[in-house]
Structures are given as C-alpha cells and as structure tokens.
Amino acid sequence: MKLILTREVNKLGNAGDVVTVKDGYARNFLLPRGVAIAWSLGGEKQIEGIRRARAAREVRDLDHAKEIKATLEKATVTVKVKTGAAGRLFGSVTDKDIAAAIKSATGVDIDRHNLKTSGHIKKTGTHTVKVSLAHNIVAAVSLTVVSA
C-alpha cells in the first residue's frame, strides 16, 4: 500500500515521504495513529506543505541548535488556564499547549514530540520543561502556569 508520511517514522522515512508498506502495517499501525495518509493524487499535492512544515521545525546544525537553546532558556513562557479555587487545573497542560506557548513567546516552532515534562502539569506555578533539540542538546524551559 502506498502512503504519505505525516511524521517521522523510525526506519521508514520522514514527514512528506511517499512509502510503500504492507497492507496490514498500514491499516493497523500507521493510519490509525495518524502517522500517514493514504496516497492519492490529491494527497500528492499535500506533500509540499508537509515538507515546508517539517523544514520550519527542523534544526539545521549544531550551531543552530545552540542558538535555539539560548533563546528558549532566556524566554519567559506563560500558559493561562482555567483553575478551581485551590489552584488546581480543570484537566492538565498538554504538550500542544506548551508548544503553542513557546511559539508565541519566542517565535520558535517546536515539535510537541520533543517536549519532556516531569509528569502531568495540574497545578499553577513554575514548572521545568525539557526540549530535545538535536545531537544531545536539551534546553530547560521555565514554564509558568497562571490562572486565567
């Protein structure tokens, strides 16, 4: 079965690549997880958009990774959430929320899969989030969760 990858898959390819895999692997693993879409002529037109998005998030080299790390560690990242009376959140702060807050604070587009937290963020206050950039370079971002 011919597929277009929407994310990087280990030992298969990067986002925007057209790959041919066995039908069962596609139906049972790649398609349900949203990692790939079925190839079609209309889908072929989406490849360029997927590749542009990947290039925007991609770290070019070691020096670029160090620049991004310095930018992220200097930035003040704030997430506003709805809270109850005791300061507990309704739900939790997700990786998507953190990635969006980082982008709005610094302008750097981070893939949410590269974010690591020390558990679920369910209280207001300051939390540390680690961002894996490239070549064992990890930025520690200070995240402030405040009540909206």
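Each remark here, short or long, concerns the structure printed above.
Let us look at the structure shown here.

Some details on the sheet that holds strand E8 (residues 125–134)
Phase 1: Read from one edge to the other, the open sheet built from four strands follows the order E4-E9-E8-E6, with strand pairing classed as mixed. Edge positions in the sheet fall to strand E4 (77–81) and strand E6 (115–117), since each has one partner strand and no second. Between one strand and the next, the sheet's axes are offset by a mean angle of 35 degrees, whatever the strand orientation.
Phase 2: Where E8 and strand E9 (residues 137–147) come together, nine bridges link them in antiparallel fashion. If you follow Gly125 over to E9, its bridge partner there is Val145.
Phase 3: Packed onto the sheet, helix H3 (residues 62–74) meets E8 and E9 and runs at close to 25 degrees relative to E9.
Phase 4: Running at roughly 130 degrees to E4, helix H4 (residues 95–106) makes contact with E4, E6, E8 and E9 of the sheet.

A closer look at the packing of aromatic side chains
Given two aromatic rings, their pairing is described by the distance between the two centres and the angle made by the two planes.
Phase 1: Per the counting criterion, the structure on display carries one aromatic pair.
Phase 2: Relative to Phe29, the ring of Tyr25 has its centre 5.5 Å away and its plane inclined at 5 degrees; by these criteria the two rings are stacked. Residue Tyr25 and its partner Phe29 are located together in helix H1 (residues 23–30), separated by four residues, close to a single helical turn.
Phase 3: Classification of Tyr25 as partly exposed rests on a relative accessible area of 34%.
Phase 4: The side chain of Lys2 reaches across the aromatic face of Trp39, ending 4.5 Å from its centre.

Things to note about the nonpolar core
Phase 1: Ranked by internal contacts, the top residues of the largest apolar core, which has 25 residues, are Leu72, Val131 and Leu133.
Phase 2: Secondary structure elements with two or more residues in this core: H3, E4, strand E5 (88–93), H4, E8 and E9.
Phase 3: Of the residues forming this core, the biggest block, five residues, is contributed by E9.
Phase 4: If we skip the residues at most four places from it in the chain, Leu72 touches Ile102, Thr106, Ile110, Val131, Leu133, Ala139 and Val141.
Phase 5: One finds Leu5, Ala26, Leu30 and Val35 within the second-largest nonpolar core, a separate group that totals nine residues.

Analysis parameters
Residues numbered from 1 in each chain as written. Predicted model: local features only at pLDDT ≥ 70, side-chain atom pairs only at ≥ 80, totals over all residues. Heavy atoms only, no water. Pairing = 2+ DSSP bridges. Helix = DSSP H or I, 4+ residues; strand = E, 2+ residues; numbered from the N terminus. Axes fitted to C-alpha atoms, helices over the stretch in contact; angles between N-to-C directions. Contact = heavy atoms within 4.5 Å. Phe/Tyr/Trp six-rings, centres within 6.5 Å; stacked < 30°, edge-to-face > 60°. Buried < 20%, exposed > 50% of the residue type's maximum accessible area, 1.4 Å probe, protein only. Lys NZ or Arg CZ within 6 Å of the ring centre and 35° of its normal. Core = buried A, V, L, I, M, F, W, Y, C linked by side-chain atoms within 4.5 Å.

Scope: geometric values only; no functional claims are made or implied.
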